[in-house]
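These are the residues of each chain, in order.
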Number of protein chains: 2
Amino acid sequence: MLYGVSVGPGDPELMTLKAVRILQACTVIAVPRSGSENTLVAFEIARQAVPEIENKRIMELSLPMTRDKQLLEEAREQAAKTLMDLLDAGEEIACLTLGDASIYSTYMYLHNRIVKAGYPAEIIAGVPSFCAAAALRGKQLTEAALPLHIVPGSYDCVEESLSWPGPKILMKSGKQLGRVKALLKEKGLLDQAYLVQECGMEHEKACPLNQAEDAGYFSIVFVEDKI
Amino acid sequence: MLYGVSVGPGDPELMTLKAVRILQACTVIAVPRSGSENTLVAFEIARQAVPEIENKRIMELSLPMTRDKQLLEEAREQAAKTLMDLLDAGEEIACLTLGDASIYSTYMYLHNRIVKAGYPAEIIAGVPSFCAAAALRGKQLTEAALPLHIVPGSYDCVEESLSWPGPKILMKSGKQLGRVKALLKEKGLLDQAYLVQECGMEHEKACPLNQAEDAGYFSIVFVEDKI
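Predicted model, so just to flag it, every value in this text is computed and none were measured.

Chemist: Would you explain the relation of the copies chain A and chain B in this entry?
Modeler: One copy of the chain maps onto the other through a rotation about an axis followed by a shift along the same axis. Superposing chain A onto chain B takes a rotation of 180 degrees combined with a translation of 0.0 Å along the rotation axis, leaving an RMSD of 0.0 Å. Seen this way, the second copy is the image of the first under a two-fold rotation axis. No C-alpha of chain A approaches the rotation axis more nearly than that of Thr16 of chain A, which lies at 2.0 Å. Most of the interface of chain A is mirrored in chain B: 100% of its interface residues are interface residues there too.

See below:
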């Protein structure tokens, strides 16, 4: 069995009881690596809650962050094959994924391939980063009659999203922070925007967006509704 | 201290380690009651993960589900006062909330009042129902370049939401199921809609929306994108 285990956004205490139980029971811990980073963030979170995973077989999956479709395709195919070979060998695998697996995660691309090939796989839901960031701010994300929009912050849909009613959450907008700030300023929304970085991690920061100069990958911008 | 403790959508194992620790440490467990229901759903979830809360002081908060603004206002004022009296008496309170506190929860209305009055309060994030329902379906909620819309399913914005790019999640659309189905049919989206009821609870059900005749309060409709 393959489990896609959501480890939450950063604070190891935001892992679920189910995630902990499955990590304890699995024989292999699979961890995506997107580049040459020294620490595997999802592994670090899981290790703090379940120290014994250090002694299990760790399988790194190389999954570069790129928009080159062929590269992505090849990397996902290779990672899925690695997992299927382990399943064929009778291993029980926990594949770690940050935040919640269903929200902009790379894990799902592996999951879909593996299920299609006939292997059993299960997703363990977790706390998405935007819920933890809202808790940190002490703010609700929603208003009773209004929708909430989760927007991939480095794609073109950001501009269109600003015209929809209700609050917006711009995910992973770090790299495009300048562009996002300019857009919000143009629409008169900059003063209603707030930035949370690395929520629940060591270098957690939260500030009004207009006070932020730059931001890393784990950045979330909250845009309140005009009303 | 008051803690708004998200208990997740139903499966007690989807509670976080932090929620468990705080329930163990608190002296009072506050539970919203919306009407004359026999079981307090959030309490039942928490009790299965942390049985010792049965022996703590339980404080029910009467918070009727109504759109009558004055009734709502009065009930929230009264519930907030109950919590503040307990804080004045030196109690540590865990106020339970289903799913995640920041997503369409009643708890936040109490939280905002209590913080405004100068009391310390903290939100403990949890797994939202739509993440657990996506995991149950084995599906991702998002596509890389597209936004995701969380829509309160019994409000007027449902119709408008169907014109936005990206998938939609219609929350708590049980009572309005007929209307939602008619709208989706009109827009040619009924075959792309899926219903999950009582995810992680005893009577969990999941089926294509066009096969569903009725639905209860804990219902989520997923509408896939046309693309």
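Here the narrative resumes.
Chemist: Even after reading the chapter, I still don't get helix α5 (residues 129–137) of chain A, so can you show me in this structure?
Modeler: One full turn of an α-helix is made of 3.6 residues, so residues set three or four places apart face in the same direction. When you tally the buried positions in α5 of chain A, you get seven out of nine residues, the bulk of the element. Regarding α5 of chain A, the residues found buried are Ser129, Phe130, Cys131, Ala132, Ala133, Ala134 and Ala135 of chain A. Those residues of α5 of chain A hidden inside the fold are in contact with β6 (148–152), β7 (168–171), β8 (193–197) and β10 (219–223) of chain A together with β5 (121–124) of chain B. Just downstream of α5 of chain A, Gly138 of chain A is the residue with a positive phi angle, here 70 degrees.

Chemist: How do you make sense of the interface of chain A and chain B when you look at a structure like this?
Modeler: Many descriptions give the size of an interface as the accessible area lost when the pieces come together. The interface is formed by 44 residues belonging to chain A together with 44 residues belonging to chain B. Of all the elements in the fold, those that place two or more residues in the side of chain A that touches chain B are α1 (17–25), α4 (107–116), β5 (121–124), α5, β6 and α6 (157–161) of chain A. The greatest single-element share of the side of chain A that touches chain B, amounting to five residues, is contributed by β6 of chain A. Across the side of chain A that touches chain B, the residue classes break down as 32 nonpolar, eight polar and four charged. Relative to strand β6 (residues 148–152) of chain B, β6 of chain A runs antiparallel, the two sharing three bridges. When the sheet's bridge partners are listed, Leu148 of chain A is paired in β6 of chain B with Ile150 of chain B.

Chemist: Got a minute to help me understand the packing of helix α3 (residues 69–88) of chain B against helix α4 (residues 107–116) of chain B in this structure?
Modeler: A pair of packed helices is captured by two measures, namely the crossing angle of their axes and the spacing between those axes. Residues and elements named next belong to chain B. The contact between α3 and α4 brings their axes to 9 Å, and the two run at 60 degrees. In terms of their interaxial angle, α3 and α4 are classed as oblique. Between α3 and α4 the crossing geometry is right-handed. The residues of α4 that touch α3, namely those facing Arg76, Ala79, Ala80, Leu83 and Met84, are Tyr109, Leu110, Arg113 and Ile114. Of the residues contributing to the contact of α3 with α4, the split by class is seven nonpolar, no polar and two charged.

Chemist: Help me out: how do you make sense of the sheet that holds strand β10 (residues 219–223) of chain B in this one?
Modeler: For sheets, the rule is that strands pair by backbone hydrogen bonds, running either parallel or antiparallel. In space, the ten strands of this open sheet follow the order β9(A)-β8(A)-β10(A)-β7(A)-β6(A)-β6(B)-β7(B)-β10(B)-β8(B)-β9(B), with mixed pairing throughout. Of all the strands in the sheet, just β9 (205–208) of chain A together with β9 (205–208) of chain B have a single pairing partner and so form its edges. Within the sheet, the average angular offset between the axes of one strand and its neighbour, ignoring direction, is 15 degrees. Examined bridge by bridge, β8 of chain A and β10 of chain A share five bridges and lie antiparallel to one another. In the sheet register, Gln197 of chain A faces β10 of chain A, and the bridge partner there is Ser219 of chain A. The strands touched by α5 of chain A within the sheet are β6, β7, β8, β9 and β10 of chain A, with β8 of chain A carrying the most contacts at an inclination of about 110 degrees. In this fold helix α5 (residues 129–137) of chain B packs onto β6, β7 (168–171), β8 (193–197), β9 and β10 of chain B, with an angle of close to 110 degrees to the strand it touches most, β8 of chain B.

Chemist: Where do I start with unusual backbone geometry in this structure?
Modeler: It is generally the case that most residues other than glycine have a negative phi and that most peptide bonds are trans. The phi angle at Tyr104 of chain B is positive, at roughly 45 degrees, despite the residue not being glycine. You can see Tyr104 of chain B is positioned in the loop between β4 (93–97) and α4.

Basis of the calculations
- Residues numbered from 1 in each chain as written.
- Chains lettered and ligands numbered in written order.
- Predicted model: local features only at pLDDT ≥ 70, side-chain atom pairs only at ≥ 80, totals over all residues.
- Least-squares fit on C-alpha atoms with pLDDT ≥ 70 in both.
- Contact = placed C-beta atoms within 7 Å.
- Buried ≥ 20, exposed ≤ 12 C-beta atoms within 10 Å, placed from the backbone.
- Helix = DSSP H or I, 4+ residues; strand = E, 2+ residues; numbered from the N terminus.
- Nonpolar A, V, L, I, M, F, W, Y, C, P; charged D, E, K, R; others polar.
- Pairing = 2+ DSSP bridges.
- Axes fitted to C-alpha atoms, helices over the stretch in contact; angles between N-to-C directions.
- Parallel < 35°, antiparallel > 145°, perpendicular 65-115°, else oblique.
- Left-handed = near helix turned anticlockwise from the far one by under 90°.

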